[in-house]
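Analysis of the macromolecular model
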Amino acid sequence: MKKTIITVVGHDTVGIIARVCTYLADNNINILDISQTIVQGYFNMMMIVDMNHTGKPFGDITDELTGLGEEIGVIIKCQSEEIFNQMHRL
């Protein structure tokens with residue numbers, strides 16, 4: 001399974017989760033786990049998703065999510081699970 005870590009951070013506004021999840025559904029990307037919090041008006045979400053069935057390359061998904069983030073006023077980052085795990089090893 002090709003897992004990807006997606007993080008979304010920014011000022012809380014209506015529709016952030018809806019827009020991100022709609023993009024993922026439209027690209028056949030399955031959400032495996034999701035956590036979100038709002039702290040003093042700042043929205044923070046972390047998702048683990050399965051990229052096995054998307055028809056797009058990882059780079060295109062990353063670029064499109066970055067663009068979506070700019071459009072809705074948040075920062076969206078994507079990392080493959082392998083790279084994420086290597087970066088956060090002690």
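What this report covers is the structure whose coordinates are included nearby. The structure displayed is predicted, hence computed values, not measured ones.

Another aspect to go through is the pattern of salt bridges. All chains considered together, the criterion is met by two salt bridges. A salt bridge links Arg19 to Glu71, with the nearest nitrogen and oxygen atoms 2.2 Å apart. In this pair, Arg19 is assigned in helix 1 (residues 16–26) and Glu71 in helix 2 (residues 58–72), connecting sequence segments 52 residues apart. In this structure, the salt-bridge partner of Glu64 is Lys56, at a minimum N-O distance of 2.7 Å. Look at Glu64 and you get partly exposed, because its relative accessible area is 32%. Under the relative-accessibility criterion, Lys56 is labelled partly exposed at 31%.

Before going further, it helps to examine the side chain of Thr54. Structurally, Thr54 can be placed in the loop between strand 3 (42–50) and helix 2. There is a polar contact of 3.5 Å between the side chain of Thr54 and the backbone nitrogen of Lys56. For Thr54, the residues in contact, after removing those within four places along its chain, are Asn27, Asn28, Ile29 and Ile61.

Rules behind the numbers
- Residues numbered from 1 in each chain as written.
- Predicted model: local features only at pLDDT ≥ 70, side-chain atom pairs only at ≥ 80, totals over all residues.
- Heavy atoms only, no water.
- Salt bridge = Lys/Arg side-chain N within 4 Å of Asp/Glu carboxyl O.
- Helix = DSSP H or I, 4+ residues; strand = E, 2+ residues; numbered from the N terminus.
- Buried < 20%, exposed > 50% of the residue type's maximum accessible area, 1.4 Å probe, protein only.
- Polar contact = N/O pair within 3.5 Å; in protein donor to acceptor, adjacent residues only side chain to side chain.
- Contact = heavy atoms within 4.5 Å.

Nothing here speaks to function; it is all geometry.
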